[in-house]
Amino acid sequence: MGKHKPDDEKNKKKKWGAIVPAATRTAATRTLQGRDHPERMPLTPSWVGRVPYLKPGAYADGMPLHQVQYLCCKLILRPNRFVSRESLFEFGKVLREPAKEHGVKFSKEGFESQPVKIREVLFIDTEDFRLYNNAFILRRRIPYKDGFPIGDPEIVFKFRHPDIQLCAETDVRPHILGDHRVKFKCQAMPLKEKLGGVRLLFSHNVQFLRSAIGMGKENVGDMDQIIDLLPALARVRKEPKEKIQLVSNTIIEEVLQDIGTLDFGDCVVCKANVAIWRTRGEHRPLIGEFAYQFKVKDRDLLSKEAMRRAEAFFVDLQYSAEDYIALNCTKTATVYRLLGNPPKSHE
């Protein structure tokens, strides 16, 4: 994502593109704010200009802070319309108008033959949701194929917060014998209270296979062993020998379908998918999500025009999909609220 740059006027113009002045916005963008749609709020400042460079720093072992590598756009959806594989593809129709309006190419060619993906997901936390209340998320995922689990279960640990510097400085790396993969994402979502804007969350993730943990560290109910595995969690421990447990006593079944590709121009192309989370066993639908993300190798080389096009598309898509959208929630938050005890998260 590039090296640290001083926060001078020159670099302000380079932070994933500058905020677009009202006088230079396209007619389509102004339509969102003008007479044709008087109920629509003005656009929030561009995410392109709101993602600052990190202050220089290093982790305890001397390694430099991780840089943001992905831009991920998400719409949280009500699940009631997703009743079949075909209904997941049906959401693609919602994309057509905003894509055409903003010069984004949406193609589903070759995707209708791709199989749906099934994963089992569960979350663990303390009884008082201390991990989630402190912006940590710890979950296990198992992929399924033809009704059977395949491969090793995967552990996903993340710190998700609106403060990019705090996210970067939280070292999520595990103490394990095997390999791990770190992903640092900037997540764009609608505002909590209304359509037509963008809020940002930063997600510092690490993923590793359960087999990489090694012997003696597989008791997921023992907080001391979890902290030994993931030292960043030491900040939430109150006393020795604490226990952690399955969140909401619920195992989630995730049904995910890639529905096509989005091409924003200047080689900014990514897959788009629709997913639904439901309880395992009862198949009670909980929440849905439309998402797409692209990897950023060097933020200074990322096309400003493509980013502006991506933002205009994302904002317009909120109105196009308003019959689907669920505001002020995330998939994780929905699981935590199942038993009527909502946590106080940073999301």
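Participant: Requested: an account of the overall build of the chain, with residues and values cited.
Facilitator: Looking only at helices and strands, one finds nine helices and 12 strands in the chain. Counting across all 347 residues of the chain, residues that qualify as buried make up 53%. For the chain, the proportion of contacts with a sequence separation of at least 24, taken over those separated by at least 6, is 70%. Carbon and sulfur atoms make up 51% of the accessible area of the chain, which amounts to about 16,700 Å² in all.

Participant: Can you explain the confidence of the model for the chain? Please cite residues and give values.
Facilitator: Regions with low pLDDT should not have their predicted coordinates read in detail. Scored by pLDDT, the chain comes out at a mean of 86, with 84% of its residues at no less than 70. Averaged pLDDT values for the elements of the chain fall to 40 in helix 2 (residues 27–33) and rise to 98 in strand 10 (residues 252–263).

Participant: Explain the pattern of salt bridges to me, and be specific about the residues and the numbers.
Facilitator: This structure, assessed with the given rule, holds 18 salt bridges. Of the charged contacts, one joins D61 and R173 as a salt bridge, the two residues approaching to 2.9 Å between their closest N and O atoms. Linking D61 in the loop between helix 2 and strand 1 (70–77) with R173 in the loop between helix 6 (164–169) and strand 7 (181–189), this pair joins segments that are 112 residues apart in sequence. By relative accessible area, which is 47% here, D61 ends up partly exposed. A salt bridge links E305 to R309; the shortest N-O distance between them is 3.8 Å.

Participant: Outline helix 8 (residues 304–320), supporting the account with residue identities and numerical values.
Facilitator: The end-to-end C-alpha distance of helix 8 is 24 Å, a good match for the 24 Å that 17 residues give at a rise of 1.5 Å each. In terms of residue burial, helix 8 counts as a mostly covered element, since 13 of its 17 residues are buried.

Participant: Tell me about empty space enclosed by the protein, residues and numbers included.
Facilitator: One way to see where empty space is left: roll a probe the size of a water molecule over the atoms. On inspection of all chains with the given rule, the structure shows two cavities of 30 Å³ or more. By volume, the largest cavity amounts to about 50 Å³. For the largest cavity, the full set of lining residues is I76, M189, P190, L191, K192, R199, A326, L327, N328 and C329. Considered class by class, the residues forming the lining of the largest cavity number seven nonpolar, one polar and two charged. Looking at the second largest cavity, its volume works out to about 30 Å³. Together, Y132, A135, F136, I137, R160, S345, H346 and E347 line the second largest cavity. Tallied by class, the residues present in the lining of the second largest cavity amount to four nonpolar, two polar and two charged.

Participant: Pulling in residues and values, what's your account of the packing of aromatic side chains?
Facilitator: All chains considered together, the criterion is met by 14 aromatic pairs. Ring geometry for F91 versus F290: centroids 5.2 Å apart, planes at 45°, classification tilted. Note that F91 is positioned in the loop between helix 3 (85–90) and helix 4 (92–101) and F290 in strand 12 (residues 285–295), a separation of 199 residues in sequence. Here F91 and F290 have matching classes, each one buried. Among the aromatic residues, ring-to-ring pairing joins F82, F91, F264, F290, Y292, F294, F313 and Y324 into one connected group. One Lys or Arg, R81, reaches over the ring of Y324 and ends 4.8 Å from the middle of that ring.

Participant: How would you explain unusual backbone geometry if you had to name every residue and give the values?
Facilitator: Negative phi values dominate among residues other than glycine, just as trans dominates among peptide bonds. At F129, a residue that is not glycine, the phi angle is positive and equals roughly 55°. Along the chain, the position of F129 falls in the loop between strand 3 (117–125) and helix 5 (130–133).

Participant: Can you lay out the layout of surface pockets for me, pointing to particular residues and giving the numbers?
Facilitator: Its boundaries defined by the atoms lining it, the largest pocket holds a volume of some 840 Å³. The wall of the largest pocket is formed by 33 residues, among which R119, K185, L256, N273 and Q293 lie closest to the centre. For the lining of the largest pocket, the element with the highest residue contribution is strand 11 (residues 269–279), accounting for five residues. Residue composition of the lining of the largest pocket, grouped by class: 11 nonpolar, seven polar and 15 charged.

Participant: Any chance you could break down the pairing of strand 4 (residues 136–145) for me, citing the residues and the numbers?
Facilitator: Most of strand 4 is tucked away, with eight of its 10 residues classed as buried. As paired elements, strand 3 and strand 4 share six bridges and run antiparallel to each other. Along strand 4, the bridge assignment pairs F123 with R139. Where strand 4 and strand 5 (residues 148–149) come together, two bridges link them in antiparallel fashion. Within strand 5, the position partnered with K145 by the bridge is F148. Following strand 4, the chain reverses through two residues before pairing antiparallel with strand 5; D146 in that reversal takes a positive phi of roughly 55°.

Participant: Which residues make up the side chain of K185, and what are the values?
Facilitator: In this structure, K185 sits in strand 7. Despite its burial, K185 remains without a salt bridge, the nearest opposite charge being carried by E289 at 8.7 Å. A polar contact of 3.3 Å, which involves the side chain of K185, links it to the side chain of Q293. Setting aside residues up to four positions removed in sequence, K185 forms contacts with V68, Y70, L201, F202, S203, N205 and Q293.

Parameters and conventions
Residues numbered from 1 in each chain as written. Predicted model: local features only at pLDDT ≥ 70, side-chain atom pairs only at ≥ 80, totals over all residues. Heavy atoms only, no water. Helix = DSSP H or I, 4+ residues; strand = E, 2+ residues; numbered from the N terminus. Buried < 20%, exposed > 50% of the residue type's maximum accessible area, 1.4 Å probe, protein only. Contact = heavy atoms within 4.5 Å. Areas by Shrake-Rupley, 256 points an atom, 1.4 Å probe, with all protein chains shown as cover. pLDDT = per-residue confidence, 0-100. Salt bridge = Lys/Arg side-chain N within 4 Å of Asp/Glu carboxyl O. Expected span 1.5 Å × (residues − 1). 1 Å grid on protein atoms, 1.4 Å probe; cavity = no way out; pocket = protein on both sides within 12 Å on 5 of 7 lines; lining within 4 Å. Points joined across faces, edges and corners; volume = space filled by probe spheres on them. Nonpolar A, V, L, I, M, F, W, Y, C, P; charged D, E, K, R; others polar. Phe/Tyr/Trp six-rings, centres within 6.5 Å; stacked < 30°, edge-to-face > 60°. Lys NZ or Arg CZ within 6 Å of the ring centre and 35° of its normal. Pairing = 2+ DSSP bridges. Lys, Arg positive; Asp, Glu negative; His and termini not counted. Polar contact = N/O pair within 3.5 Å; in protein donor to acceptor, adjacent residues only side chain to side chain.

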